[in-house]
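For reference, the chains in residue letters:
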Amino acid sequence: MLAWRELRHRYAGGSEIAYADFALPAGRHLLLRGASGSGKSTLLALLAGLLRVQQGELAVADATLNGMSPRALDAWRGATLGVVPQRLHLSEALSVAENLALPALAAGQGADPARAAELLAALDIAELASRRPHQLSVGQAQRVALARALMRRPRLLLADEPSANLDDEHTLRMLALLLDAAEREGCTLVIASHDARVVEALSERADVAEVVL
Ligand code: ADP
Ligand code: MG
């Protein structure tokens, strides 16, 4: 599902980030941990095909991302990935339901209101469909972002610092939501976090592998 070898990344003018070789065992989710600035978000961007692989090899969900054309990467990303970004990027001009329809519309596909309703119900926020993002609590907005990430039935679900701005209770709830959603949807979950609460909660789980950056 997920493996890299001799993977390195260098931003223009920055120092090089080197990632130790890794392969995710089948059936496991992944926690990427490490201090702020250790390269977690960079690795997520590489996994998502949003940054080009400069050095080394990266295989994600049966695709080798090295050398894939931008167009092929776009198609692959849409069909394979769901992302819950650190900044949620919900459109303020649109309702929750419209935000969920946006990725499919942007990809030139039809909206799928039934799928949106199913996910909102599964995440216990069905009543929020017609709200605007500014009318949501932080925890609710995160659920909406999770629903949006799941709309196109991804094989891989990426979450960058999902506990940012959440108190202890909501942090545990968000982790449970992510893990439950991954289980229900049959996708592999990758969480990047430097939050000790997240590390502690996930370290007890046999189905979560860990990479320390
Ligand atoms: P983390 O998510 O673990 O906090 P990042 O992957 O965001 O770490 O960053 C890793 C390193 O790369 C840091 O030193 C950061 O300053 C640098 N970096 C991240 N994004 C950029 C960028 N767009 N341009 C230049 N340097 C960057
Ligand atoms: Mg980060």
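Preceding this section is the structure that the text describes.
First, a word on what this report is: a plain description of the structure on this page.

Cut-offs and rules
Residues numbered from 1 in each chain as written. Chains lettered and ligands numbered in written order. Predicted model: local features only at pLDDT ≥ 70, side-chain atom pairs only at ≥ 80, totals over all residues. Heavy atoms only, no water. Helix = DSSP H or I, 4+ residues; strand = E, 2+ residues; numbered from the N terminus. Contact = heavy atoms within 4.5 Å. Core = buried A, V, L, I, M, F, W, Y, C linked by side-chain atoms within 4.5 Å. Buried < 20%, exposed > 50% of the residue type's maximum accessible area, 1.4 Å probe, protein only. Salt bridge = Lys/Arg side-chain N within 4 Å of Asp/Glu carboxyl O.

1. Points about the side chain of Ser95
Mapped onto the elements, Ser95 comes out in the loop between strand S7 (81–84) and helix H3 (96–106). Not counting the four nearest positions on each side in its chain, Ser95 is found in contact with Ala129, Ser130, Arg131 and Arg132.

2. So, the nonpolar core
Within the largest apolar cluster, 38 residues are counted, with the highest numbers of intra-cluster contacts made by Val84, Leu146, Leu157, Leu178, Ile191 and Leu202. Mapped onto this core, the elements with two or more residues apiece are H3, helix H4 (113–122), helix H5 (138–150), strand S8 (156–160), helix H6 (168–185), strand S9 (188–193) and helix H7 (196–203). Not counting the four nearest positions on each side in its chain, Leu157 is found in contact with Gly82, Val84, Leu146, Ala149, Leu150, Leu178, Cys187, Thr188, Leu189 and Val190. Core analysis: the next-biggest nonpolar cluster, separate from the first, contains 30 residues, Leu43, Leu47, Val60 and Trp76 among them.

3. What to know about the pattern of salt bridges
On inspection of all chains with the given rule, the structure shows 13 salt bridges. The partner of Arg115 in a salt bridge is Glu118, and the shortest N-O contact between them spans 3.1 Å. Of this pair, Arg115 and Glu118 both sit in helix H4, three residues apart, roughly one helical turn. Taking the relative accessible area as the measure of exposure, Arg115 reaches 2% and is therefore buried. Taking relative accessible area as the criterion, Glu118 reaches 40% and is therefore assigned partly exposed. Of the charged contacts in the structure, one is a salt bridge between Arg115 and Glu185, with a shortest N-O distance of 2.7 Å. Highlighted residues: Arg115 in helix H4 and Glu185 in helix H6, separated in sequence by 70 residues. Here the two residues Arg115 and Glu185 agree in accessibility, since each one is buried. One salt-bridge network, held together by shared partners, links Arg5, Glu6 and Glu57.

From the geometry alone we can't say anything about function, so treat these as descriptive.
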